[in-house]
Amino acid sequence: MRFDEIARTSPPIPRELTSFPMSVSLVDRAAPGHVFNDYLAMRTTRAGTISPDDRKVHVTQSVSTISQFRAIDWGMESCELHVVILPMDRPTTLALYPLNATVPVDISTLSFNVRPPWVVKLDNIVLRQLGLAQKTFLCDGRRSCFRFRMHGG
């Protein structure tokens with residue numbers, strides 16, 4: 001993407017870069033060997049079969065969503081994870097865990113039994129109403145992989 005060729009000003013000018021997840025998949029603690037397929041969200045175009053950019057986070061007491069982003073550090077000090085909130089019956093709290101994944105997660109084999117290990121919980125994201133929830137964290141200059149699960153689940 002040639003970010004290394006961008007002229008750097010001094011002092012730096014704050015810039016934003018939006019990145020959608022490379023992969024989003026589910027794991028189920030109650031069915032630890034089950035692999036969820038990605039085919040339900042795909043659609044066919046003249047160019048081929050593609051997955052939508054706006055991937056859904058689905059959580060229950062046993063199901064977690066795993067989402068992986070490519071976050072190569074081009075001088076960015078902080079990253080923000082944004083979750084768009086759809087209408088809900090009641091407020092919900094998601095627990096956000098970074099995962100120890102230094103290589104791309106293979107969603108064709110991903111299950112609760114075959115998953116990157118969880119790291120210490122980053123934070124809770126409280127979903128109260130329609131809108132946007134976000135969490136700011138330090139960029140680590142590599143892939144960022146997260147697990148969303150029900151708080152206390």
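The structure reproduced in this document is the subject of the present report. These numbers come from a predicted model, not from an experiment. (Residues numbered from 1 in each chain as written. Predicted model: local features only at pLDDT ≥ 70, side-chain atom pairs only at ≥ 80, totals over all residues. Heavy atoms only, no water.)

**Focus on the overall build of the chain**
Where we set the bar: Elements are defined by DSSP. Helices are runs of H or I of four residues or more, strands are runs of E of two residues or more, and each kind is numbered from the N terminus. Contacts are assigned to residue pairs with any non-hydrogen atoms lying within 4.5 Å of each other. For every accessible area listed, the method is Shrake-Rupley and the probe measures 1.4 Å; residues are considered covered only by the protein chains on display.
Along its length, the chain carries zero helices and nine strands. Its helices and strands taken in sequence order, the chain reads β-β-β-β-β-β-β-β-β from the N to the C terminus. At a minimum sequence separation of 6, the contacts of the chain that also span at least 24 residues come to 82%. Put simply, the chain shows about 10300 Å² of open surface, and 54% of that area lies on carbon and sulfur atoms.

**Observations regarding the side chain of Ser-23**
The condition is simple: The cut-offs for exposure are 20% and 50% of the maximum accessible area for each residue type, with area from a 1.4 Å probe on protein chains only; residues under the lower value are buried, those over the upper are exposed, and the others partly exposed.
Tracing the backbone through its elements, the reader meets Ser-23 in strand 1 (residues 23-28). Of the residues examined, Ser-23 reaches a relative accessible area of 9% and is grouped as buried. Setting aside chain neighbours within four positions, we find Ser-23 in contact with Ile-66, Ser-67, Gln-68, Val-105 and Ile-107.

**Considering the packing of aromatic side chains**
Basically, it comes down to this: Working definition: rings of Phe, Tyr and Trp (its six-membered ring) pair if their centres are within 6.5 Å, and the pair is stacked with planes under 30 degrees apart, edge-to-face with planes over 60 apart, and tilted otherwise. Working rule: Lys NZ or Arg CZ, within 6 Å of ring centre, within 35 degrees of ring normal, means a charge sits over the ring.
According to the stated counting rule, one finds one aromatic pair in the structure shown. Taking the centre distance of 6.2 Å and the plane angle of 65 degrees together, the rings of Phe-112 and Trp-118 count as edge-to-face. You can call Phe-112 buried: its relative accessible area is 16%. According to the relative accessible area criterion, Trp-118 is partly exposed, its value standing at 26%. The residue whose ring lies beneath Arg-115 is Phe-112, and the NZ or CZ to ring-centre distance is 4.1 Å. In this structure, Arg-115 is placed above the aromatic ring of Trp-118, and the distance from its NZ or CZ to the ring centre is 4.3 Å.

**With respect to the pairing of strand 4 (residues 63-70)**
Heads up, the condition is: Pairing between strands requires that DSSP locate at least two bridges from one strand to the other.
Of all eight residues in strand 4, seven are buried; the element is thus mostly enclosed. Inspection of the sheet shows strand 1 paired to strand 4 by six bridges, in the antiparallel sense. When the sheet's bridge partners are listed, Ser-23 is paired in strand 4 with Gln-68.

**Focus: the nonpolar core**
As a rule of thumb, soluble globular proteins bury nonpolar side chains together. The condition that has to hold: Here the nonpolar core consists of buried residues drawn from Ala, Val, Leu, Ile, Met, Phe, Trp, Tyr and Cys, with membership extended through side-chain atoms lying within 4.5 Å.
Leu-81, Leu-94, Leu-96, Ile-125, Phe-146 and Phe-148 are the most contacted members of the largest nonpolar core, which totals 14 residues. Elements that contribute at least two residues to this core include exactly strand 5 (78-85), strand 6 (92-98), strand 7 (123-127), strand 8 (131-138) and strand 9 (143-150). Apart from residues lying up to four places away in sequence, Phe-148 is in contact with Val-57, Val-59, Ser-64, Thr-65, Ser-67, Leu-81, Val-83, Leu-94, Ala-95, Leu-96 and Ile-125. Of all hydrophobic cores here, the second largest spans eight residues; its members include Val-27, Val-105, Leu-110 and Cys-145.

**Quick notes on empty space enclosed by the protein**
Any empty space left between the atoms is revealed when a probe the size of a water molecule rolls over them. For clarity, the threshold we go by: Here a cavity is any set of points on a 1 Å grid over the protein atoms alone where a 1.4 Å probe fits but cannot get out, and a pocket is any open set with protein on both sides within 12 Å along at least 5 of 7 lines; a residue lines the site when it has an atom within 4 Å of a point. Grid points are joined across faces, edges and corners, and a volume is the space filled by probe spheres set on the points.
Within the structure shown, the criterion is met by one cavity of 30 Å³ or more. Its boundaries defined by the atoms lining it, the largest cavity holds a volume of some 40 Å³. Every residue lining the largest cavity is counted, 11 residues in all, and those nearest its centre are Arg-29, Gln-61, Ser-62, Ser-64 and Arg-147. Where the lining of the largest cavity is concerned, the elements lending two or more residues are strand 4 and strand 9. The leading source of residues in the lining of the largest cavity is strand 9, at three residues.

**Brief notes about the side chain of Ser-64**
Among the structural elements, Ser-64 can be located in strand 4. Residue classification places Ser-64 among the buried positions, given a relative accessible area of 3%. Once you skip the residues sitting within four places of it in the chain, Ser-64 turns out to touch Ser-25, Leu-26, Val-27, His-58, Val-59, Arg-147, Phe-148 and Arg-149.

**Description of the environment of Asn-124**
Put simply, the test is: Nitrogen and oxygen atoms within 3.5 Å of one another constitute a polar contact, given that in protein one can donate a hydrogen and the other can accept it, and given that sequence-neighbouring residues count only through two side-chain atoms.
Following the sequence through the fold, Asn-124 ends up in strand 7. Look at Asn-124 and you get partly exposed, because its relative accessible area is 26%. Expressed as a C-alpha distance, the spacing of Asn-124 and His-151, which sit 27 residues apart in the sequence, is 7.3 Å. Those residues in contact with Asn-124, other than ones at most four positions away along the chain, are Thr-93, Leu-94, Ala-95 and His-151. Here the side chain of Asn-124 touches Lys-121 through a polar contact of 3.2 Å, side chain to side chain.

By themselves, these figures tell us nothing about what the structure is for.
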